[in-house]
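Coordinate analysis (summary)
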Amino acid sequence: MAQTCGRFAPSPSGALHLGSLLAAVGSYLAARHVGGRWLLRIDDLDPPRVAPGAIDAIQRSLQAHGLLWDGEVLYQSRCGEAYRAALERLRAAGLTYPCACTRRELAAIARAGVDGLVYPGTCRTGLASGRMARALRLRVPDAEIGFYDAVQGDYRQNLARAVGDFALQRADGLIAYQLAVVVDDAFQGVTQVVRGVDLLASTPRQIYLQQCLGLPQPDYAHLPLLVDRHGLKLSKQTGASPLDDTRVSDNLWQVLTALALPPLPELRGSPPAELLHWAVAHWEPIRLAGQAAVQVTET
Ligand code: GLU
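Basis of the calculations
- Residues numbered from 1 in each chain as written.
- Predicted model: local features only at pLDDT ≥ 70, side-chain atom pairs only at ≥ 80, totals over all residues.
- Heavy atoms only, no water.
- Helix = DSSP H or I, 4+ residues; strand = E, 2+ residues; numbered from the N terminus.
- Rg over C-alpha atoms; globule rule 2.2 N^0.38 Å.
- Buried < 20%, exposed > 50% of the residue type's maximum accessible area, 1.4 Å probe, protein only.
- Contact = heavy atoms within 4.5 Å.
- Areas by Shrake-Rupley, 256 points an atom, 1.4 Å probe, with all protein chains shown as cover.
- Lys, Arg positive; Asp, Glu negative; His and termini not counted.
- Charge placed at Lys NZ, Arg CZ, Asp CG, Glu CD.
- Salt bridge = Lys/Arg side-chain N within 4 Å of Asp/Glu carboxyl O.
- Near = heavy atom within 4 Å.
- Polar contact = N/O pair within 3.5 Å; in protein donor to acceptor, adjacent residues only side chain to side chain.
- Pairing = 2+ DSSP bridges.
- Axes fitted to C-alpha atoms, helices over the stretch in contact; angles between N-to-C directions.

Our next topic: the overall build of the chain. Within the chain one finds nine helices and 12 strands. What you see for the chain is a C-alpha radius of gyration of 20 Å, in line with the 19 Å of a compact globule of 299 residues. Each principal axis of the C-alpha atoms in the chain carries an extent, and together these give about 70 × 45 × 35 Å. When the 299 residues of the chain are sorted by exposure, 52% land in the buried category. Residue pairs in contact within the chain that sit at least 24 positions apart in sequence constitute 76% of those at least 6 positions apart. When the accessible surface of the chain is split by element, carbon and sulfur atoms take 53% of a total near 14,100 Å². Computing the positive centroid from 29 side-chain charges and the negative centroid from 28, the chain places the two 8 Å apart.

This paragraph deals with the pattern of salt bridges. One pass over the structure, following the stated rule, counts 14 salt bridges. Between Asp43 and Arg41 there is a salt bridge, and its shortest N-O distance comes to 3.2 Å. Each member of the pair, Asp43 together with Arg41, is buried. Between Lys233 and Asp198 there is a salt bridge whose closest N-O contact spans 2.9 Å. Of this pair, Lys233 sits in the loop between strand 11 (225-227) and helix 8 (248-258) while Asp198 sits in the loop between strand 9 (192-196) and helix 7 (203-213), and the two are 35 residues apart along the sequence. A residue is classified by how much of its surface remains accessible, and Asp198, at 42% relative accessible area, is partly exposed.

With that out of the way, let us pick up helix 6 (residues 177-187). Taking burial as the measure, the 11 residues of helix 6 include eight buried ones, the bulk of the element. Along helix 6, the residues that are buried comprise Gln178, Leu179, Ala180, Val181, Val182, Val183, Asp184 and Asp185. Immediately beyond the C-terminal end of helix 6, within one or two residues, lies Gly189, with a positive phi of roughly 70 degrees.

Let's shift gears to the site of the ligand. As a structural note, the neighbourhood of the ligand is formed by Arg7, Ala9, Pro10, Ser11, Asp43, Tyr177, Val181, Arg195 and Leu199. Arg7 is positioned such that a nitrogen or oxygen atom in its side chain is 2.6 Å from an oxygen atom of the ligand. Interatomic distance of 2.8 Å between a side-chain N/O atom of Tyr177 and an oxygen atom of the ligand. Protein chains shield 77% of the accessible area of the ligand, which is 300 Å² for the free molecule.

With that settled, consider the environment of Leu68. Relative to the elements of secondary structure, Leu68 occurs in the loop between helix 2 (54-64) and strand 3 (74-75). Residues Leu68 and Trp38 lie 30 residues apart in sequence; the distance between their C-alpha atoms is 8.2 Å. Among residues more than four places away in sequence, those in contact with Leu68 are Tyr28, Arg32, Trp38 and Gln63.

Ordered by their spatial adjacency, three strands build an open sheet running 4-5-8, and the pairing between neighbours is antiparallel. Pairing within the sheet leaves two strands with one partner each, and these edge strands are strand 4 (96-99) and strand 8 (167-169). Sheet twist, expressed as the mean angle between neighbouring strand axes with direction ignored, is 40 degrees. Of the pairings in the sheet, the one linking strand 4 to strand 5 (residues 135-138) comprises four bridges and is antiparallel in character. Note that in strand 5 the partner of Thr96 across the bridge is Leu138. Contacts between helix 3 (residues 80-92) and the sheet are confined to strand 4, strand 5 and strand 8, with strand 8 contributing the most and set at about 125 degrees to the helix.

What follows is the structure, encoded as C-alpha cells:
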C-alpha cells in the first residue's frame, strides 16, 4: 500500500494564527499517526494577496512549533504551467466553456449557493453575439457527489444546484483555487487532505475535477474551526493575532485541547517535540465527530 502523505497548504496572506495552527497540527498528526509524510505547500496563487514577509513567517512559526515538513516546499506561484496543462485537457475534452458574465450581471440574476452565487448557466450554450469571454467555466453535472469525511461524516452535494458551472480561470487569467489544489495534491502524491471545515463545501468540486482529470481521490478530514468567545472564526479577517512564537508550548496546548486531545497535565510546558510526540500517538479524529466549531480555551 502506498505511504500516506498529508499536507498543510496555507495562503500567505498573513502570518499563522491559532486557527491556522490547528489545521497545521491536525494535518501533521493525521499523517504522522500512520507513519506518513507531511508536506508544506504555499498557496501563493494570487500574488497581490501575498503579504510581505508572510511566507518566511509561516515557515519560521511551523519550525518553532516543531512542525517539520518533509522534502521541498511547493509554491503554487511556480506551478502555472501544470495548471494551464490541466485546463487545456479539460478544454480539449469539451468540459469547459468561455463565459462573458460580469460579477454585476450575475449578482442581479443568480441565487446564493453554498459558496457565493450559483452560476445560472447563461453562457453554457455559447457566448451571446458581441460578448467577450472573461472567465472559463467547468460544466458540472446535475448529480450528487458524495464522500466520507473522517470528521464530518457523509457529505453530499449536487454541484449543479449548490454551485453551478464554476470558474477555473478568472477574467484576469488567474487560475481558480479549486483547480490548483487538485493539480497540486496529485502532483505531490497527497493521499490525505486534512483542513478546516470551511473548505468542506469545496470538496465536491475538487472531487469532480479529480474525476474529470483522472486523478486519484485523497481521503478527507475537515476539522472544526477555532472560534472566539463570541463564536467568531479566528481568521485574519476577524483580526486574529499572529502566533506568538515565544509561547509555542502554550499554543500547542490550546490547539491540542481544541482537537480533543488535551495533553496529560505533566506535559504542561513541555517542548513542542514532546507534546507532538504524545499527540501523534493519541490522534483520534473520531473524537471530533461532527464538530464544526470549537471554542479556544485560555491557557
Ligand atoms: N490555502 C487554503 C487556505 O489557507 C487551504 C487549501 C487547502 O487546504 O486545500 O484556506
